[in-house]
Amino acid sequence: MSMRRRLRPRLLVVYALLAALVWYARPSALSLGSGLLPITLGEALRIWATGHLHKNDALTLSGPYAYLRNPLYLGTMLIAIGFALIAASPLGYAVLAIFLLGYFGYYMPYKDRIEGARLEALYGDAYRRYAVAVPSLLPRLHGYVPLSADQRPRPDWNVRFRDNNELGTALAVLSVVLLLVARWSLG
């Protein structure tokens, strides 16, 4: 991934909000405990999802994609909630509110519309069946079972994880958690 791709203007806003959140954080043992759970669940979901994602190669119907269409988005939302809980500050809750409004008010509908149209153009009825059966963010109780014609072979999980560049996100999440833990330990 090029440096230009990582430093897109919208990501600079995210980095600035994270920096402000860390700077003004007032974490406690309780806020650390309550925030680490959604962060861990969110990053685990993202890692699981990227291990299955066939970005631009095939329609992904396995792993968490059998339960919800946007596991990466749900993972990101859980991580954001966890950071706000750990920060335990009015700014942390304001940053979370701004993030959720921007995410669900603009980014998610825009991305869902564009990505849905692209996937429908590429995979036709297979995607339409999937989109009708599998919810966007709230997981189904039972995994989606595609028609045998819609199934694709699953490549090696480690290759998918590496190719989908999740390691950078996982390291960034870990770095922010460590910064918040340091804020707590310094009092």
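Just so it is clear, the structure is predicted and the values come from calculations on it, not from any experiment. (Residues numbered from 1 in each chain as written. Predicted model: local features only at pLDDT ≥ 70, side-chain atom pairs only at ≥ 80, totals over all residues. Heavy atoms only, no water.)

**Examining the packing of helix α3 (residues 29-50) against helix α4 (residues 71-87)**
In a pair of packed helices, the angle between the axes and the distance between the axes together describe the arrangement. For the pair α3 and α4, the least separation of the axes is 7 Å and the interaxial angle reads 165 degrees. The orientation of α3 with respect to α4, classified from their angle, is roughly antiparallel. Remark: the crossing between α3 and α4 carries left-handed chirality. Residue composition of the contact of α3 with α4, grouped by class: 15 nonpolar, eight polar and two charged. (Axes fitted to C-alpha atoms, helices over the stretch in contact; angles between N-to-C directions. Helix = DSSP H or I, 4+ residues; strand = E, 2+ residues; numbered from the N terminus. Parallel < 35°, antiparallel > 145°, perpendicular 65-115°, else oblique. Left-handed = near helix turned anticlockwise from the far one by under 90°. Nonpolar A, V, L, I, M, F, W, Y, C, P; charged D, E, K, R; others polar.)

**With respect to the nonpolar core**
Grouped together as the largest cluster of nonpolar side chains are 14 residues, with contacts concentrated most on Leu21, Ile39, Phe83, Val173 and Leu180. Beyond its immediate stretch of four places on either side in the chain, Leu21 contacts Phe83, Ala84, Ala87, Leu91, Gly92, Val95 and Leu180. Counting residues in hydrophobic clusters, the runner-up holds 13 residues, among them Leu61, Leu119, Tyr127 and Tyr130. (Core = buried A, V, L, I, M, F, W, Y, C linked by side-chain atoms within 4.5 Å. Buried < 20%, exposed > 50% of the residue type's maximum accessible area, 1.4 Å probe, protein only. Contact = heavy atoms within 4.5 Å.)

**Overview of unusual backbone geometry**
For Ala88, which is not glycine, the phi dihedral falls at a positive 50 degrees. If you trace the backbone, Ala88 turns up in the loop between α4 and α5 (90-123). Taking relative accessible area as the criterion, Ala88 reaches 28% and is therefore assigned partly exposed.

**So, the environment of Asn70**
Secondary-structure assignment places Asn70 in the loop between α3 and α4. C-alpha separation for the pair Asn70 and Val134, spaced 64 residues apart in sequence, amounts to 9.6 Å. Each residue touching Asn70, except ones within four places of it in the same chain, is listed here: Met108, Asp112, Glu115, Ser136 and Leu137.

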